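Read off the chains here:
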Amino acid sequence: MSGRKETVLDLAKFVDKGVQVKLTGGRQVTGTLKGYDQLLNLVLDEAVEFLRDPDDPLKTTDQTRRLGLIVCRGTAVMLVSPTDGTDEIANPFIQQDGA
């Protein structure tokens, strides 16, 4: 085993593509991945933050805030996923009214 740290994720295929990043504390941003390092620090361009519901901080709303060029610290990154090829679906485990 070498002494060199290697990231578990291969983010090279997402460079210059849209990604969604979830951060500790509940923040969620999307943007174009411009760079990263072995500590998972991410550089996002044209970043947009999804604002949280004031009543329930764990839920995001449809309101957004433009951030521009940002750096997401690697220790705060919980999830990185591509924005292309993903769709939001209804939760199949929630009981519908009248069912």
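Conventions and cut-offs
Residues numbered from 1 in each chain as written. Predicted model: local features only at pLDDT ≥ 70, side-chain atom pairs only at ≥ 80, totals over all residues. Heavy atoms only, no water. Helix = DSSP H or I, 4+ residues; strand = E, 2+ residues; numbered from the N terminus. Buried < 20%, exposed > 50% of the residue type's maximum accessible area, 1.4 Å probe, protein only. Contact = heavy atoms within 4.5 Å. Salt bridge = Lys/Arg side-chain N within 4 Å of Asp/Glu carboxyl O. Core = buried A, V, L, I, M, F, W, Y, C linked by side-chain atoms within 4.5 Å.

**Side note on the environment of Thr 60**
Relative to the assigned elements, Thr 60 resides in strand 4 (residues 60–72). What makes Thr 60 partly exposed here is its relative accessible area of 36%. Measuring from C-alpha to C-alpha, the distance between Thr 60 and Arg 27 comes to 8.3 Å, with 33 residues separating the pair along the chain. The contacts of Thr 60, once residues within four sequence positions are left out, are Gln 28, Phe 50, Leu 51 and Arg 52.

**Comments concerning the pattern of salt bridges**
Counting across every chain of the model gives three salt bridges. In this structure, Asp 16 and Lys 34 form a salt bridge, with 3.1 Å as the shortest nitrogen-oxygen distance. Of this pair, Asp 16 sits in the segment before strand 1 (18–23) while Lys 34 sits in strand 2 (residues 28–36); the two residues are 18 residues apart in sequence, bridging distant segments of the chain. On the basis of relative accessibility, which here comes to 41%, the residue Lys 34 falls in the partly exposed class. For the salt bridge of Glu 49 with Arg 65, the shortest nitrogen-to-oxygen distance reads 2.5 Å. Of this pair, Glu 49 sits in strand 3 (residues 42–52) while Arg 65 sits in strand 4, and the two are 16 residues apart along the sequence. According to the relative accessible area criterion, Arg 65 is partly exposed, its value standing at 37%. What emerges from the salt-bridge pattern is a single network uniting Arg 27, Glu 49 and Arg 65.

**Describing the nonpolar core**
Ranked by size, the top nonpolar core spans 15 residues in total, and within it Val 21, Leu 42, Leu 44, Cys 72 and Val 77 carry the most contacts. Excluding its chain neighbours within four sequence positions, the residues that come into contact with Cys 72 are Leu 23, Val 29, Leu 40, Asn 41, Leu 42, Leu 44 and Val 77.

**Points about the side chain of Ser 81**
Within the fold, Ser 81 resides in strand 5 (residues 77–82). For Ser 81, a relative accessible area of 17% translates into the label buried. Aside from chain neighbours lying at most four places away, what touches Ser 81 is Gly 18, Val 19 and Gln 20.

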